[in-house]
Amino acid sequence: MKKILLLLITSLLLASCSKDNSVEPTAPATSKGIFIVNEGLFSQNNASLTYYDFETISVYNNVYSGANGGTPLGDNANSMSVVNEKGFIAVDNSNKIEIINLKNFKSLGQIDLGAGGSPREIWMKDSTTGYVTSLYTNQVVKFNAINKSVIKNISVGDKPEGITGAAGKLFVANSGFGASNSVSVIDIASDAVIKSLTVGYNPRVIVNGNDGKIYVVCTGSYTDTTVLSGVYKIDPASLTVTDSIKLRGFPGEACEVKGNKLFVVNSEGVYSINMNFDSAPSLVIPASVVNNLTMVVYSIAYDKNSETIYCGNPKDFLQNGEVAAFNLSGEEINRFNVGINPGSIVIFK
Amino acid sequence: MIVFYFSFFVCIAINLNAQSVIVIDSISALPVENVYIVNYDSSISSVSDRYGKVELSQFSLTDKLIFSHLSYSKKYTSVQEIAKTKIIYLLPANIKGSEVLITANLENRYNQTFTEEIKLTPEIKDIYLNAGDLLKNKTSLMIRDYGGFGGVKTASARGLTSENTVVLFNEARINDLRTGMVDLSAIGTSGINKLYFQKNAGDDVYYPSAGGVLKIYTGKEQVEENINAGIKYSSDKYRSVSLNYNGGNEELFYSIGIERAVSSNHFPFIFNGIKLKRENAHFNKTFLSSDVKFKTGGIKLGLSVNYFHLQSGIPGFVVTNNYSSSRAQNFNNSFLTILNSEIILSGQWQYLNVISFNTQNLIINDPDGILVFADSKKDSRLNDFSVQNKLSFSSGVFNSNLVYSITTAGLNNITSFVSANVSPSKITSLSQTIFSGANYTLIQPLNTPIALRLSGGVGLQHVKEKLQRENNSKNVYYRTGISFSHEAIPQIIFKTHYSHEYRVPTFNERYYSNLFNHYDLKQEEYNSYDVGFDAEFKLFDGLNLSAVYYKIMGKDKIIWIPTRLAIQTPRNISDVESQGIELIATQKLLNNKIELNIIYNYTDAKNKTRLSSSDNGFDKQLIYTPLHKLNAGFTYTDEKYFVSVNASFLSERFYTADNNPLYSLPAYIVLDISGGFNFYLLGIKHRISAVIYNLLDENYFVIQSYPMPLRTYLLNYSMEIK
């Protein structure tokens with residue numbers, strides 16, 4: 001009966017069929033390149049992974065789905081950490097960490113964080129152990145990367161986002177969705193919170209500086225625009241906040257670049273901040289250059305070998321985005337298409 | 001008003017036995033009193049009463065009759081003839097012209113806009129449990145369905161969003177001020193008496209509306225007393241009990257209905273190749289409706305009181321590794337009270353008044369804090385009070401109305417679950433509207449063989465809202481339409497309309513976030529026109545056809561855009577253009593026992609904003625808008641049995657702005673079948689029926705990440721006591 005019905009409306013099907021028959025090119029075995037973690041659209045289950053190969057200068061979209069029989073990566077992939085040619089992808093709304101072989105993009109399994117697990121950022125202690133912030137449980141989850149199991153849940157502050165490790169400690173940025181201003185410090189040996197540091201409101205991004213310091217980017221309050229935002233410096237040895245610099249415009253994603261500088265993204269574009277905090281931040285790449293639809297820069301990464309800045313362009317957040325590459329002077333070198341909402345860029349060498 | 005009177009009298013005529021008919025003025029559609037009816041040998045006579053009703057019991061079936069009145073041309077007919085039609089049209093004596101055209105034009109009067117009427121038989125109510133499922137299968141409306149009996153269902157038309165379709169419940173607008181939409185899964189079919197979808201607001205609906213008007217009426221007007229009771233049970237544990245009582249006499253009608261439904265809504269679906277059961281989609285609802293209508297002389301009063309209680313899970317989306325993505329619960333208690341008054345001031349003037357009060361208490365519990373930002377619980381109350389005054393004038397060929405309406409509303413706590421505001425501030429709103437509409441009929445103007453009706457309306461709405469600061473907007477909207485028929489083919493009424501409409505931003509759109517200031521969000525504006533025809537042919541037992549082409553050009557469409565701070569914010573960012581074709585055909589056969597119907601929509605709705613050269617969303621189909629939609633149905637109904645088969649087809653839909661084929665919902669066909677029989681026991685009419693939804697076990701989605709049920713079964717039992 002179903003076949004008869006299908007025949008009856010075949011003309012409509014043909015008329016409505018407008019599928020693009022182009023096929024994504026097959027990605028080569030990876031050697032050097034960058035991975036772009038595309039969030040996809042919230043609750044649409046269309047997160048994806050893009051790979052840009054430095055040697056072939058080619059971009060390959062949907063590499064995870066292509067290598068795993070069409071299985072979608074999941075919903076709202078937020079970030080990826082790399083260790084020993086394995087990628088650990090925090091897929092937020094799917095409550096899982098997806099582990100993949102970065103050479104062939106094949107899935108090596110998942111770590112299921114359970115209902116509400118909401119993984120955001122991952123820090124890998126080594127190839128067997130990792131820590132991930134769990135947004136809605138207000139915890140840091142310690143996991144075993146080999147047997148893909150949860151080892152421990154550590155309670156931290158409200159709505160934890162960024163995480164990094166230094167000097168035997170974990171530093172966790174508790175965003176509070178704009179209402180919190182703390183960084184939790186966890187002793188890795190004991191997996192216990194040993195201190196809470198006060199920084200600016202809405203700390204979201206944490207960067208390890210080559211100077212041994214921890215830099216926390218505080219986006220500012222969502223409800224009180226008079227609260228200033230900026231970057232805070234933490235000494236991991238003394239566990240104190242040693243300095244800060246104000247930066248307006250809801251700063252977020254950041255990376256360290258050559259010359260002792262931090263490149264920080266805000267609503268105006270990419271600002272350069274001297275890591276000594278002894279001069280005013282300066283605009284290096286205007287947002288309109290990266291994204292001339294909605295003037296939003298969504299992600300940033302720095303390749304020290306080529307001294308290239310990569311910026312994620314989500315366009316209007318409703319369609320496939322782009323990544324634009326710039327030199328340290330802010331001049332555009334290259335631009336290529338990626339998936340929807342490129343939220344995280346990871347250099348892979 | 002005219003529509004109501006005509007429909008009222010038609011209903012009376014149909015419900016009476018063959019021994020009475022109704023006499024109606026063929027221009028004004030009003031009943032005619034004191035018409036003298038006599039048989040040819042003048043031995044027997046009768047006179048029509050104030051309702052136009054004439055008793056025929058004193059005449060014999062072979063009698064030929066003459067209808068006469070000083071103000072009307074004489075009419076010659078027979079008892080046999082009028083026993084079939086039950087209505088007699090009299091032509092005013094000062095009108096010269098073709099009776100064929102006049103009669104056809106009369107039809108076009110109450111259907112001068114393109115209107116779909118859904119016939120609500122007991123069998124239809126057995127199959128479709130709520131207004132959303134009914135409209136999805138029986139109209140050209142696009143229903144966004146989030147899955148299952150209790151899944152949210154909102155209606156939209158012609159490629160526009162649901163906020164653009166006005167929903168009137170017993171003449172009171174019930175679109176939620178927060179979202180602009182109405183969840184049609186909350187309205188059970190058991191209490192509905194009439195249901196229309198009017199594609200253009202026309203000269204008789206004063207609300208601005210680019211997406212048409214959905215009219216829902218409860219309460220019957222019948223002198224016969226009856227009680228209907230029913231039980232339903234489905235394979236995914238849906239259970240409901242309903243009870244409806246109707247009664248009255250010639251001056252007073254009353255009805256009361258109650259429906260209780262409980263469901264685990266644990267329906268089966270397939271995701272990633274695995275068969276699963278939907279979680280957290282349970283609901284428990286009560287719908288109580290009561291109507292009292294009183295009329296005497298030139299006054300008609302109606303009171304409708306409705307109570308709705310819903311306690312349900314909010315199932316959330318289904319994505320990889322997250323089959324049960326929400327533990328949130330929703331509680332909704334609403335009272336809707338509507339008082340309608342109609343007063344005939346004179347033979348030509350009438351005053352109508354509608355007073356409505358709607359209070360809703362909404363509580364959202366979200367232990368995971370996914371839907372609700374700062375706290376795990378949100379509690380809010382939305383009240384709106386509205387008074388609508390309408391003065392109507394009817395001279396027969398010219399009808400007009402003047403409306404003044406005022407609506408005041410208040411939401412006590414902005415931190416409802418769709419808002420990112422964290423301070424529980426209050427929103428107040430005051431809306432005032434003045435509208436004037438009119439239509440004018442020309443029969444054979446300038447000796448042309450056509451009947452022509454011109455109609456139009458213009459309105460001005462002022463909206464004042466306050467949340468921390470005041471926001472004012474003034475908007476003018478207008479419509480015009482022409483319908484005509486030709487003497488050679490009076491069965492076909494050609495119609496065309498043009499309108500300029502707008503939509504004021506909803507509370508959520510204007511006040512979602514106090515971080516990204518969008519208080520000054522502009523209204524959406526639409527210019528639209530349509531052209532087509534409605535036709536009725538005497539082919540077998542009747543063939544009705546409707547074909548319409550439309551085009552809508554929208555400006556400043558509000559789109560929700562996620563920001564780099566992961567907070568969505570609405571912006572007037574888009575121009576859209578939607579055009580399409582709507583075809584409806586209904587054929588009756590076998591003495592009206594068989595009905596075949598087909599509804600086909602072609603919708604080409606595109607984004608017409610190119611924000612930059614790299615914007616790949618330009619000129620792409622709007623998300624979730626199918627190019628093709630087709631419903632085909634077969635129904636057989638006789639005194640004892642009924643069978644119904646309905647097939648629904650929806651073509652591929654994209655859910656990204658650039659229509660990336662990787663992100664599309666595939667086309668699907670869903671087949672529902674039902675059957676049942678009636679029998680009498682102890683003088684009571686009983687009916688047992690069964691429905692199989694999605695007979696072909698199609699795995700499909702209407703909205704990405706919200707699965708629809710696989711094959712499910714429903715068993716009904718009902719009885720009617722007269």
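Let me begin by describing the structure that accompanies this report. (Residues numbered from 1 in each chain as written. Chains lettered and ligands numbered in written order. Predicted model: local features only at pLDDT ≥ 70, side-chain atom pairs only at ≥ 80, totals over all residues. Heavy atoms only, no water.)

## Thoughts on the sheet that holds strand E4 (residues 77-83) of chain A
All names here are of chain A.
Turning to step 1, where the next piece is worked out: The sheet built from 4 strands is open, its strands ordered E4-E5-E6-E7 with antiparallel pairing. Since the sheet does not close on itself, it has two edges, and those belong to E4 and strand E7 (107-112), each with one partner. Looking at each pair of strands side by side, their axes are set apart by 20 degrees on average, direction ignored.
Turning to step 2, where the next piece is worked out: Two strands pair when backbone bridges link them, and strand E5 (residues 86-91) and strand E6 (residues 96-101) are joined in this way by 6 bridges, in the antiparallel orientation. (Pairing = 2+ DSSP bridges. Helix = DSSP H or I, 4+ residues; strand = E, 2+ residues; numbered from the N terminus. Axes fitted to C-alpha atoms, helices over the stretch in contact; angles between N-to-C directions.)

## Comments concerning the packing of aromatic side chains
Turning to step 1, where the next piece is worked out: One pass over the full model with this rule turns up 33 aromatic pairs over all chains.
Turning to step 2, where the next piece is worked out: With a centroid separation of 5.0 Å and an interplanar angle of 45 degrees, the aromatic rings of Tyr307(B) and Phe335(B) are classed as tilted. Here Tyr307(B) is found in strand E21 (residues 299-314), whereas its partner Phe335(B) is found in strand E22 (residues 328-344), with 28 residues between them in sequence.
Turning to step 3, where the next piece is worked out: Judged by its relative accessible area of 23%, Tyr307(B) is partly exposed.
Turning to step 4, where the next piece is worked out: A relative accessible area of 44% means that Phe335(B) is categorised as partly exposed.
Turning to step 5, where the next piece is worked out: A connected cluster of aromatic rings, assembled from ring pairs, spans Phe35(A), Tyr51(A), Phe105(A) and Phe348(A).
Turning to step 6, where the next piece is worked out: A cation over an aromatic ring shows up here: Lys233(A) above the ring of Phe277(A), its NZ or CZ 4.9 Å from the ring centre. (Phe/Tyr/Trp six-rings, centres within 6.5 Å; stacked < 30°, edge-to-face > 60°. Buried < 20%, exposed > 50% of the residue type's maximum accessible area, 1.4 Å probe, protein only. Lys NZ or Arg CZ within 6 Å of the ring centre and 35° of its normal.)

## Considering the state of the cysteines
Cysteine pairs can be linked by a disulfide, which is a covalent bond between their two sulfur atoms.
Residue and element names in this part refer to chain A.
Turning to step 1, where the next piece is worked out: The final tally for this structure, using the stated rule, is 0 disulfides over all chains.
Turning to step 2, where the next piece is worked out: Looking at the unpaired Cys 255, the closest cysteine sulfur is the one in Cys 311, lying at 7.9 Å.
Turning to step 3, where the next piece is worked out: Look at Cys 311 and you get buried, because its relative accessible area is 0%. (Disulfide = S-S within 2.5 Å.)

## Section: empty space enclosed by the protein
Residue and element names in this part refer to chain B.
Turning to step 1, where the next piece is worked out: Tallying each qualifying case throughout the model produces 7 cavities of 30 Å³ or more.
Turning to step 2, where the next piece is worked out: Within this model, the largest cavity holds a volume of roughly 590 Å³.
Turning to step 3, where the next piece is worked out: What lines the largest cavity is a set of 31 residues, among which Arg 173, Leu 177, Ser 431, Gln 461 and Val 504 lie closest to the centre.
Turning to step 4, where the next piece is worked out: For the lining of the largest cavity, the secondary structure elements donating two or more residues are strand E24 (377-394), strand E25 (398-411), strand E26 (427-443), strand E27 (450-467) and strand E29 (489-503).
Turning to step 5, where the next piece is worked out: Residues belonging to the lining of the largest cavity are distributed by class as follows: 12 nonpolar, 13 polar and 6 charged.
Turning to step 6, where the next piece is worked out: Lining the second largest cavity are 31 residues, and of these Asp 133, Lys 136, Asp 145, Tyr 700 and Met 708 sit closest to its centre. (1 Å grid on protein atoms, 1.4 Å probe; cavity = no way out; pocket = protein on both sides within 12 Å on 5 of 7 lines; lining within 4 Å. Points joined across faces, edges and corners; volume = space filled by probe spheres on them. Nonpolar A, V, L, I, M, F, W, Y, C, P; charged D, E, K, R; others polar.)

## Here's the deal with the side chain of Lys153(B)
Residues and elements named next belong to chain B.
Turning to step 1, where the next piece is worked out: Tracing the sequence through the fold places Lys 153 in strand E10 (residues 153-156).
Turning to step 2, where the next piece is worked out: Polar side-chain contacts of Lys 153 include one of 3.1 Å to the side chain of Asp 145.
Turning to step 3, where the next piece is worked out: If sequence neighbours within four positions are ignored, Lys 153 has contacts with Asn 130, Gly 132, Asp 133, Ile 143, Arg 144, Asp 145, Gly 148, Val 182, Asp 183, Leu 184 and Ser 185. (Polar contact = N/O pair within 3.5 Å; in protein donor to acceptor, adjacent residues only side chain to side chain. Contact = heavy atoms within 4.5 Å.)

## Quick notes on the pattern of salt bridges
Residue and element names in this part refer to chain B.
Turning to step 1, where the next piece is worked out: Per the stated rule, a full pass over the model turns up 33 salt bridges over all chains.
Turning to step 2, where the next piece is worked out: Its salt-bridge partner being Lys 153, residue Asp 133 comes within 3.9 Å of it at the nearest N-O pair. A residue pair is termed long-range when its members are at least 10 positions apart, and Asp 133 in helix H5 (residues 131-138) and Lys 153 in strand E10 qualify at 20 residues.
Turning to step 3, where the next piece is worked out: Classification of Lys 153 as buried rests on a relative accessible area of 0%.
Turning to step 4, where the next piece is worked out: One salt bridge in this structure joins Arg 503 and Glu 524, with 3.0 Å as the shortest N-O distance. Remark: Glu 524 occurs in strand E30 (residues 524-537) and Arg 503 occurs in strand E29; sequence separation between them is 21 residues.
Turning to step 5, where the next piece is worked out: Among the ionic contacts, a cluster of salt bridges with common partners joins Glu 116, Arg 158, Lys 199, Asp 530 and Glu 582. (Salt bridge = Lys/Arg side-chain N within 4 Å of Asp/Glu carboxyl O.)

## Quick look at H5(B)
All names here are of chain B.
Turning to step 1, where the next piece is worked out: By the criterion of burial, H5 is predominantly enclosed, with 8 of the 8 residues buried.
Turning to step 2, where the next piece is worked out: Residues of H5 that are buried include every one of Ala 131, Gly 132, Asp 133, Leu 134, Leu 135, Lys 136, Asn 137 and Lys 138, and no others.
Turning to step 3, where the next piece is worked out: Its side-chain oxygen 3.0 Å from the backbone nitrogen of Gly 132, Asn 130 forms the N-cap of H5.

## Remarks on the sheet that holds strand E3 (residues 58-60) of chain A
Residue and element names in this part refer to chain A.
Turning to step 1, where the next piece is worked out: Spatially, the 4 strands line up as an open sheet ordered E3-E2-E1-E28, and their pairing is antiparallel. For this open sheet the edge positions go to E3 and strand E28 (342-348), each flanked by a neighbour on one side alone. Averaged over neighbouring strand pairs, the angle between their axes works out to 20 degrees when direction is ignored.
Turning to step 2, where the next piece is worked out: As judged from the 6 bridges shared by strand E1 (residues 33-38) and E28, these two strands associate in the antiparallel manner. Counted as the bridge partner of Phe 35 is Val 346 from E28.

## Points about a positive patch on the surface
All names here are of chain B.
Turning to step 1, where the next piece is worked out: Taken together, the side chains of Lys 237, Arg 239, Lys 275, Lys 277 and Arg 711 make up a positively charged region of the molecular surface.
Turning to step 2, where the next piece is worked out: Mapped onto the elements, Arg 711 comes out in the loop between strand E41 (706-707) and strand E42 (712-721).
Turning to step 3, where the next piece is worked out: Relative accessible area serves as the criterion here: at 31%, Arg 711 is assigned to the partly exposed category. (Patch = residues over 30% accessible without salt bridge, like charges linked within 9 Å, V, L, I, M, F, W, Y side chains within 5 Å. Areas by Shrake-Rupley, 256 points an atom, 1.4 Å probe, with all protein chains shown as cover. Lys, Arg positive; Asp, Glu negative; His and termini not counted. Charge placed at Lys NZ, Arg CZ, Asp CG, Glu CD.)

## Quick look at the nonpolar core
Residues and elements named next belong to chain B.
Turning to step 1, where the next piece is worked out: Ranked by internal contacts, the top residues of the largest apolar core, which has 39 residues, are Leu 135, Leu 141, Leu 184, Ile 187, Leu 195, Leu 214 and Ile 216.
Turning to step 2, where the next piece is worked out: Once residues lying within four places of it in the same chain are set aside, the contact partners of Ile 216 are Val 167, Leu 168, Phe 169, Asn 170, Ile 187, Ile 192, Lys 194 and Leu 195.
Turning to step 3, where the next piece is worked out: Counting residues in hydrophobic clusters, the runner-up holds 23 residues, among them Phe 269, Phe 701, Val 702 and Met 708. (Core = buried A, V, L, I, M, F, W, Y, C linked by side-chain atoms within 4.5 Å.)

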